[in-house]
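A look at the structure
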Amino acid sequence: MTLLWLSILWVFASACVAMLPMRRQYVPGVILLLAAPALIVMIGMQVNWVAALLALAAFVSMFRNPLKFLIAKLKGQNPEVPR
C-alpha cells in the first residue's frame, strides 16, 4: 500500500512541477527524474513486470525532453537549454 501512495505522490508532484515556470523546474524535476527508476523497480518487484513496463512508458513519455537532453549531453553534443 505504501508503494501505491508513493506512486500517487510522485504523479501529483510531477504535475505540479510541470506547471512551474521553466527556470524553476530544474531542481524538483531532477529529483523526480532520479526517484522514478526506484519507483519503477519497486513496482516491478511488488506488482509485476507488465505494470513496471507501463510505468516506464509513462515515465519516458512525461520526461522525453529532459531524457533527450541528457542523452545528447552523454554523446558529447551541446544541446540548447530551453528558457
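In this report, we go over the structure that sits alongside the text.

Calculation rules
- Residues numbered from 1 in each chain as written.
- Predicted model: local features only at pLDDT ≥ 70, side-chain atom pairs only at ≥ 80, totals over all residues.
- Heavy atoms only, no water.
- Helix = DSSP H or I, 4+ residues; strand = E, 2+ residues; numbered from the N terminus.
- Buried < 20%, exposed > 50% of the residue type's maximum accessible area, 1.4 Å probe, protein only.
- Contact = heavy atoms within 4.5 Å.
- Polar contact = N/O pair within 3.5 Å; in protein donor to acceptor, adjacent residues only side chain to side chain.
- Phe/Tyr/Trp six-rings, centres within 6.5 Å; stacked < 30°, edge-to-face > 60°.

Right, let's talk about the overall build of the chain for a bit. Helix and strand counts for the chain come out as four helices and zero strands. Each of the three principal axes of the chain carries a C-alpha extent, and together these read 40 × 25 × 15 Å. Sorting the 83 residues of the chain into buried and exposed places 20% on the buried side. Long-range pairs, those at least 24 residues apart, make up 50% of the contacts in the chain with a sequence separation of at least 6.

Relative to the assigned elements, F12 resides in helix α1 (residues 2-18). For F12, a relative accessible area of 55% puts it in the exposed group. Between the alpha carbons of F12 and V50 there is a distance of 22 Å; along the sequence they are 38 residues apart.

This part covers the side chain of Q25. With respect to the secondary-structure elements, Q25 resides in the loop between α1 and α2 (26-46). A polar contact of 2.9 Å, which involves the side chain of Q25, links it to the backbone oxygen of L20. Filtering out sequence-adjacent residues up to four positions away, Q25 remains in contact with V17, A18 and L20.

In this fold, P28 is placed in helix α2. Taking C-alpha positions, P28 is 21 Å from P79, a pair spaced 51 residues apart along the chain.

The next subject is the packing of aromatic side chains. The final tally for this structure, using the stated rule, is three aromatic pairs. Ring geometry for W10 against F63: centres 5.8 Å apart, planes inclined by 45°, an arrangement best described as tilted. Here the residue W10 occupies a position in helix α1, and F63 occupies one in the loop between α3 (49-62) and α4 (64-74), the gap between them amounting to 53 residues. Under the relative-accessibility criterion, W10 is labelled buried at 11%. Residue classification places F63 among the buried residues on the basis of a relative accessible area of 10%. Seen in terms of ring centroids, F59 and F63 are 5.3 Å apart; in terms of plane orientation they differ by 35°. Their pairing is tilted. In terms of burial, F59 and F63 fall into one category: buried. Put simply, the rings of W10, F59 and F63 pair up and form one aromatic cluster.

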